[in-house]
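The residues making up each chain are set out below.
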Amino acid sequence: MDFNGILNDEMRGFYRSKYQYKGKARNMAVTQFESVYARRCFPCWDEPAFKAKFKLTLEVPSELVALSNMPVANATFAGPLKTVCYQESPPMSTYLVAIVVGLFEYVEGMTTKGTRVRVYTQIGKSNQGKFALDVGVKSLNLYKDYFDTPYPLPKLDMVAIPDFAAGAMENYGLVTYREVAFLFDDKSSSASSKQNVAVTVAHELAHQWFGNLVTMEWWTHLWLNEGFATWMSHLAVDSFFPQWKIWTQFLDRTTTALRLDSLEASHPIEVEIHHASEVDQIFDAISYDKGASVIRMLQSYLGAERFQKAMASYMKKYAYSNAKTEDLWAVLEKETGEPVKDLMTTWTKQKGYPVINAKIKGNDIEIEQAQFLLDGSSGSGMWIVPITSGCGAYDTQKKLLLKLKRDKLVIGSQCGDRKKGGNFFTKLNVNGTGFYRVKYDDELAAALQNALETKKLSLMDKIGIVEDLYALSIARQQTFASLLHLLYGYRGEADYSVLSHINTVTTSIAKISADATPALAGDIKQLLIKILLSPAEKLGWDPKKGESHLDVMLRPLLLTALVQLGHGKTINEGVRCFNIFTRDRSTSLLPPDTRKAAYLAVMQNVSSSNRSGYDALRKIYKESAEGEERLQVLGILSSCRDKGIVLESLNLIFSNEVRNQDAYILLRGIQPEAREISWNWLKENWELISKTFSGISVANFVKNIVPLFTSNEKAAEISNFFATRTKPEFERTLKQNLENVRISARWAEGIRSEPGLAQTDGA
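Residues numbered from 1 in each chain as written. Predicted model: local features only at pLDDT ≥ 70, side-chain atom pairs only at ≥ 80, totals over all residues. Heavy atoms only, no water.

Caption draft 1: Molecular detail of the sheet that holds strand β4 (residues 65–68). Spatial strand order, β1-β2-β7-β4: four strands in an open sheet with antiparallel pairing. The open sheet has two edge strands with one neighbour each: β1 (13–21) and β4. Each neighbouring strand pair of the sheet contributes to a mean axis angle of 15°, computed without reference to strand direction. Judged from the four bridges that link them, β4 and strand β7 (residues 99–102) form a sheet pairing that is antiparallel. In the strand pairing of β7, S68 is matched with I99. (Pairing = 2+ DSSP bridges. Helix = DSSP H or I, 4+ residues; strand = E, 2+ residues; numbered from the N terminus. Axes fitted to C-alpha atoms, helices over the stretch in contact; angles between N-to-C directions.)

Caption draft 2: Looking closely at the nonpolar core. M158, W231, F307, Y314, W347 and I367 are the most contacted members of the largest nonpolar core, which totals 211 residues. Ranked by residue count, the leading element in this core is helix α3 (residues 222–240), at eleven residues. Not counting chain neighbours up to four residues away, the residues in contact with W231 comprise Y146, W247, A292, I295, R296, Q299 and F307. (Core = buried A, V, L, I, M, F, W, Y, C linked by side-chain atoms within 4.5 Å. Buried < 20%, exposed > 50% of the residue type's maximum accessible area, 1.4 Å probe, protein only. Contact = heavy atoms within 4.5 Å.)

Caption draft 3: A look at unusual backbone geometry. Going from E34 to S35, the amide bond is cis rather than trans, its omega being 5°. In this structure, S35 sits in the loop between β2 (24–32) and β3 (57–61). If you check the backbone angles, D148 has positive phi at about 50° while not being a glycine. Looking at where D148 falls in the secondary structure, it is placed in the loop between α1 (130–146) and β10 (155–161). Residue R476 is not a glycine yet carries a positive backbone phi of 60°. Following the sequence through the fold, R476 ends up in the loop between α11 (459–474) and α12 (480–488).

Caption draft 4: Layout of the UniProt feature "binding site: Zn(2+)" (unreviewed entry) in the protein chain. Feature annotation in UniProt places "binding site: Zn(2+)" (unreviewed entry) on H203, H207 and E226, given in this structure's numbering. Judged by maximum C-alpha separation, these annotated positions cover 24 residues in sequence but sit close together in space, the widest gap being only 8.5 Å. Among the polar contacts made by the side chain of H203, one reaches the side chain of E226 at a distance of 3.1 Å. Along the chain, E226 turns up in helix α3. Here E226 falls in the buried class, since its relative accessible area comes to 2%. Contacts of E226, omitting those with residues within four sequence positions, involve E34, E170, H203, H207, F283, S287 and Y288. Among the polar contacts listed, one links the side chain of E226 to the side chain of H207, at a separation of 3.1 Å. (UniProt positions renumbered as here; feature names shortened; annotations may be inferred. Polar contact = N/O pair within 3.5 Å; in protein donor to acceptor, adjacent residues only side chain to side chain.)

Caption draft 5: Examining the UniProt feature "active site" (unreviewed entry) in the protein chain more closely. This chain's UniProt record puts "active site" (unreviewed entry) on E204. Given a relative accessible area of 5%, E204 falls into the buried group. Not counting residues within four places of it along the chain, the set of residues in contact with E204 comprises A168, M169, E170, V175 and Y177.

Caption draft 6: Layout of empty space enclosed by the protein. Under the definition given, this model contains five cavities of 30 Å³ or more. A volume near 140 Å³ is recorded for the largest cavity. Lining the largest cavity are 17 residues, and of these L258, N429, G432, G464 and D468 sit closest to its centre. Mapped by element, the contributors of at least two residues to the lining of the largest cavity are α5 (251–261), β20 (426–428), β21 (437–440) and α11. The residue makeup of the lining of the largest cavity, split by class, is seven nonpolar, six polar and four charged. Each of domain 2 (219–349) and domain 3 (353–451) contributes no fewer than three residues to the lining of the largest cavity. Within this model, the second largest cavity holds a volume of roughly 50 Å³. Lining the second largest cavity are F54, L56, S68, N69, M70, Y86, Q87, S89, M92 and V97. (1 Å grid on protein atoms, 1.4 Å probe; cavity = no way out; pocket = protein on both sides within 12 Å on 5 of 7 lines; lining within 4 Å. Points joined across faces, edges and corners; volume = space filled by probe spheres on them. Nonpolar A, V, L, I, M, F, W, Y, C, P; charged D, E, K, R; others polar. Domains from an automatic or database assignment.)

Caption draft 7: Seen up close, the pattern of salt bridges. As enumerated under the stated definition, the model contains 46 salt bridges in all. Between R116 and D157 there is a salt bridge, with the nearest N and O atoms lying 3.9 Å from each other. Taken together, the residues span a long stretch of sequence, with R116 in strand β9 (residues 116–121) and D157 in strand β10 at a distance of 41 residues. Given the relative accessible area of 2%, D157 is considered buried. (Salt bridge = Lys/Arg side-chain N within 4 Å of Asp/Glu carboxyl O.)

Caption draft 8: Looking closely at the packing of helix α6 (residues 286–302) against helix α9 (residues 340–348). Closest axis-to-axis distance for the α6/α9 pair is 11 Å, and the angle between their directions is 155°. The angle between the axes of α6 and α9 places the two elements in the roughly antiparallel class. Here the hand of the crossing between α6 and α9 comes out right-handed. Of the residues in α9, those touching α6 at K290, V294, M297, L298, Y301 and L302 are V340, L343, M344 and W347. Partitioned by chemical class, the residues of the contact of α6 with α9 number nine nonpolar, no polar and one charged. (Parallel < 35°, antiparallel > 145°, perpendicular 65-115°, else oblique. Left-handed = near helix turned anticlockwise from the far one by under 90°.)

Caption draft 9: Geometry of helix α15 (residues 549–564). With 16 residues, α15 should reach 22 Å at 1.5 Å per residue; the first-to-last C-alpha distance of 24 Å fits that figure. For α15, the buried fraction is high: 14 of the 16 residues fall into the buried class. (Expected span 1.5 Å × (residues − 1).)

Caption draft 10: Highlighting the packing of aromatic side chains. Tallied over the full model, the rule gives 44 aromatic pairs. Consider the rings of F578 and Y599, whose centres lie 5.9 Å apart with planes at 90°: the pair is edge-to-face. With F578 in helix α16 (residues 568–583) and Y599 in helix α17 (residues 595–604), the pair connects residues that are 21 residues apart, well separated along the chain. Each member of the pair F578 and Y599 is classed as buried. Directly above the aromatic system of F131 lies the positively charged group of K194, at a separation of 5.2 Å from the ring centroid. Here the guanidinium or amino end of R725 rests over the ring plane of F721, the centre of that ring lying 4.0 Å away. (Phe/Tyr/Trp six-rings, centres within 6.5 Å; stacked < 30°, edge-to-face > 60°. Lys NZ or Arg CZ within 6 Å of the ring centre and 35° of its normal.)

What follows is the structure, given as structure tokens:
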């Protein structure tokens, strides 16, 4: 069958990516077929269940490297062209077929079973591929044992691509990555970037089994691929780098999912897909993060060993074919004898999750479930909930499968003395393994606050109680004052993961209080600074010899937070370091980890009449050879209160200075103070944006600008603007973000009507 197609510029199908070699612009040819883009390259039944064997032949310029899923069978040269034939592949889905053609160099390694693993980069960057290679080889070894199934192909190649729409793509045997999610350089990369590379590589390689060898039957079951790979990547990284405490950091994923899933506009994990244009929208926090979180909940309920044995059986049973969610439950049920299908169906077939109301009565805790929605309304959902409770020294954990609306937990005297001043406390959902919120009555809440202040809670439980109260406060089921009071109990906290959650909550509080109670906003900022200042001062700006990976990540987190809260001393120090850095780019004063905080500090003082700091940052963006540093700068160019500067930054999106794939990074920096300017800019440029960007990329414009608002009037205005402009690619995203605006408006109204708020400051 003869056919031809275009090497397009849309980062999907068979497309071209541009790069520089010896000062000349060159083109690379790359494929991105997930979800429904193989059909743009060759005629095919482009659905996951139609697996076929592929035998590809390419004709390409002789000097270029041409890669595909399988090793080369033979190559013949005819002058400037060569013909490359690849070995036939095992049965696989069309969305996993891949081709990459360009100029590359590589580093390589071997697994214990002798599989060759290579990392391909642009010429001159192969050194930056060594860390990913190391994680890749270790991951293949680990998964082979975990699934008790060998890696199915003769080789694995991983390639860094300059233009790439997603973060990475798990093509069978030829995994492609956005450069910044893949390359790592000891001298110029940050600790958080190292961690990101490890998790991304482990995620894509988990797919070689979960997704590629056993493939979902239809896109409704996408979560099987993504939820599983997300969960597995944490399992792998925890085994390679235990000191990173990656399971504690995993709670970031769970809270992201809990936030999205408490919206009316959320969707079930298993979502009906009727049209090709709907698929891309479900690559979201429900498929990835809720998916991974309910798997963690199930594994914790069944026990690690039983779970792993069942997973190995599942892999063997469905290898080289397709499976749906029910098939996985059936295997797990058969292997463990537990009611897996009934339990899990309540989590995957309906959207949302419960809040568990806990009240103490005598020696019992009465628990009751109700669907939790951030807008304060009540939903009708019912779940089978694996409840865990811990107390005292965590030795006495209790488990209960809550199948009804109400039940009770018996707590004896082992949870401490309930008399005033006793050491009593009990915590539900130990270590956040369950996908639900808990609302405690006053006595239980006071006991937990005391347990927090007397350092009796695990890191994960410290995160759980603040995240729950924060959500309950937004939903107006708990007061804003009680949230501030709880937060104050975290002053002196020194752990990275806990403080990263505290930081998210404080950022949100600073934003809402500026709209809700402008008169108190300054005092509230001072309270938030008090919570974060002592750990920040302990760490200081300068790295210390031999400090832990987590402390290296904590430093920029705290400095950035203090700059954003307007802490004068931190801002001045950031500007001072930046001025030295612009004169001497090799100074040790500003290592990669703390640059963002310094850049942000500079942007606090920038205006149209005082733009030297802005111009200096633009210069770094243009001249730096380091991908990560360029993106750091790009992410803060719009973080300014000055109208002119914000517009100048946003317009860079349409220049050739910013790759389309990076536009969202610039959008992420917009501050609430600049929301009106940004919204007007979005309206004026909507035609151009819709033409230039596709699918998920358009959704990013909505996602970064719409939720900056906190009034119902604005929600109505935005809704009217999009009434005639919505497309299926971003319809769901728009709904969710408009709902967030209305929720913020309701929260602000609740805060305004709260009596005696001024007294809680510093309580």
